[in-house]
Structures are given as structure tokens and as C-alpha cells.
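# Overview (structure and organization)
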Amino acid sequence: MKKLFSLIALFIGLSVSAQNRLVHDYQQWNVRNFRSCPDFKVQVTLSEVNPRILNAAVFWVTNEERLRDGKMILNYNEALETSAFFHAKYMFDKKQITHENRDDFSRKSPGNRAGLAGVENPYIAENCLYFTDYDATYSYLKLAEKIVGMWMKSPPHKANILSEKGLEMGCGIYTGNNILWGAQNFQWFEPVIYNKLKASDEMNIK
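In this report, we go over the structure that sits alongside the text. (Residues numbered from 1 in each chain as written. Predicted model: local features only at pLDDT ≥ 70, side-chain atom pairs only at ≥ 80, totals over all residues. Heavy atoms only, no water.)

## What to know about the environment of Lys 89
Counting through the fold element by element, Lys 89 comes out in helix α3 (residues 78-94). Take Lys 89: its relative accessible area is 29%, and that puts it in the partly exposed class. Placed 91 residues apart in sequence, Lys 89 and Leu 180 show a C-alpha to C-alpha distance of 9.8 Å. (Helix = DSSP H or I, 4+ residues; strand = E, 2+ residues; numbered from the N terminus. Buried < 20%, exposed > 50% of the residue type's maximum accessible area, 1.4 Å probe, protein only.)

Right, here's the structure in full:
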């Protein structure tokens with residue numbers, strides 16, 4: 001079994017909050033009951049992940065860490081999930097872990113990317129990660145626990161996860177060739193103001 005991982009964390013504050021456009025998963029489940037969700041118990045490898053399910057599992061496990069630490073639960077925001085997912089895909093395409101998109105100035109920073117997802121007031125903290133695991137089979141829940149556990153072992157990532165400034169969050173995972181690339185986008189200070197007319201990126205994964 002080969003395992004490689006790298007971590008990088010960054011807070012970028014830019015002035016720009018979305019009404020929460022909650023999807024079904026986030027309406028039905030909460031931080032206290034999500035572990036009973038049947039979808040999270042499905043066994044997968046890194047070559048067969050449904051990103052929308054894993055995004056949700058990472059979201060709830062992250063909130064579980066906040067609850068354990070006595071912090072306020074973060075609300076789900078689809079625009080933040082969108083910006084995190086597209087950045088995870090960018091890192092996959094470039095085979096590089098980074099907070100900066102050097103190929104498209106309009107996507108250069110976490111705040112820029114949140115803006116393209118429709119966030120008018122981005123105050124974005126971002127966690128990024130990748131790892132490979134060629135042999136293992138995980139449930140979605142165990143995979144989410146591994147991802148969040150890696151972030152929690154890194155002081156800058158842990159600080160973002162447990163920050164009292166956080167209000168909303170979206171998680172984005174992209175996998176391919178048995179490599180997992182992940183990002184979390186946190187909205188700090190004030191709720192997201194969402195403007196659909198300014199959103200060029202929309203979630204189109206199932």
C-alpha cells in the first residue's frame with residue numbers, strides 16, 4: 001500500500017453572504033444523526049467515489065469536531081461546496097496542491113473562486129489536501145474521518161476547522177487515478193450573500 005499526502009492551509013479575507021440553498025442531504029441529516037445515513041456506510045475505493053456523498057460526509061465529520069470542541073455548528077452552503085469542488089478538480093488537473101490558480105486570474109484566490117460560485121461577500125478560509133491509497137476500501141464515513149483527521153493533525157488546518165469566526169462551510173472532493181484531492185471553504189464573519197446572476201460555476205455532480 002502506498003500512501004502519500006500533503007497539506008496546506010490559508011486564510012484569505014475578502015469583502016463580499018448566500019442564502020443557504022440547502023440540498024436534501026443537509027436538510028434530512030444533522031451532526032447528531034448523520035452517522036445513521038445509509039449512503040455513508042457504502043464501501044468504496046478512491047477510484048469509485050461519489051463526490052457529493054463524500055462532500056456531505058466530510059461536512060458532517062468536520063462539524064462533529066467543532067461540536068466536540070464546544071464550537072458552534074457551521075451551516076451548509078452550496079456555493080461554498082461549489083467553489084471547493086472546482087478547486088479540488090483544478091488541483092487534480094494540475095497535480096499540485098495549492099491555494100492559488102495560476103492559470104486563470106479570475107480564479108486566483110479562494111475569494112475569487114467563491115465569487116464565481118455566486119458569493120458576493122467572500123471572507124474565505126480554505127483547507128486543501130491530497131493523498132493516495134491504492135489498495136484500501138473505505139466506507140464514505142471512514143474516508144471522511146481520514147480526511148478530517150489529517151486536517152486536525154495540522155495546526156493551521158485545525159485552526160480553520162475550529163475557528164469561532166466560522167459561520168458556513170462547503171466541502172469539495174475530487175478523485176481520480178486512486179488519488180484524492182480535497183478542499184474546504186469556510187465563510188467567516190458574516191453569512192454568505194448569494195447572487196445567482198453572478199454565479200458562473202454551479203454544482204453539476206450527482
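That was the structure; now back to the text.
## Regarding the nonpolar core
Buried together is how nonpolar side chains tend to be arranged in soluble globular proteins. If you look at the biggest cluster of nonpolar residues, it comprises 42 residues, and the most contacted ones within it are Phe 40, Leu 54, Val 58, Leu 143, Ile 147 and Leu 180. Counting residues per element, the ones that place at least two in this core are α2 (51-68), β4 (123-133), α5 (140-152), α6 (155-162), β6 (166-176) and β7 (179-188). Here the element with the most residues in this core is α5; it accounts for 9 residues. When sequence neighbours within four positions are dropped, the list of residues in contact with Val 58 reads Ala 144, Ile 147, Val 148, Trp 151, Cys 171, Ile 173 and Gln 184. Among the nonpolar cores identified, the runner-up in size contains 9 residues, and Ala 79, Val 119, Ile 124 and Ala 199 belong to it. (Core = buried A, V, L, I, M, F, W, Y, C linked by side-chain atoms within 4.5 Å. Contact = heavy atoms within 4.5 Å.)

## Observations regarding the pairing of β6
Extensive coverage of β6 is indicated by the burial of 9 of its 11 residues. Sheet topology note: the strand β3 (residues 75-76)/β6 ladder contains 2 bridges and is parallel. The partner of Asn 75 across the bridge, within β6, is Glu 168. Pairing analysis gives 10 bridges linking β6 to β7, with the strands arranged antiparallel. Considered in β7, the bridge of Gly 176 is made with Ile 179. Counting the residues between successive antiparallel strands, the hairpin from β6 to β7 contains 2 residues, one of them, Asn 177, with a positive phi of roughly 55°. (Pairing = 2+ DSSP bridges.)

## Notes on the packing of aromatic side chains
One pass over the structure, following the stated rule, counts 13 aromatic pairs. Here the aromatic rings of Tyr 26 and Trp 60 are separated by 6.1 Å at their centres, their planes lie at 35°, and the arrangement is tilted. Note that Tyr 26 is positioned in helix α1 (residues 24-28) and Trp 60 in helix α2, a separation of 34 residues in sequence. Residue Tyr 26 shares its accessibility class with Trp 60, and that shared class is buried. Measuring from centroid to centroid gives 5.6 Å for Phe 85 and Phe 86, while their planes differ by 80°, and the two rings are edge-to-face. For Phe 86, a relative accessible area of 24% translates into the label partly exposed. The rings of Tyr 26, Phe 34, Phe 40, Phe 59, Trp 60 and Tyr 76 are connected pair by pair, giving a single aromatic cluster. For Lys 146, the ring lying beneath its charged end belongs to Phe 131, and the centroid distance is 5.1 Å. (Phe/Tyr/Trp six-rings, centres within 6.5 Å; stacked < 30°, edge-to-face > 60°. Lys NZ or Arg CZ within 6 Å of the ring centre and 35° of its normal.)

The values reported here are purely geometric and, on their own, carry no functional implication.
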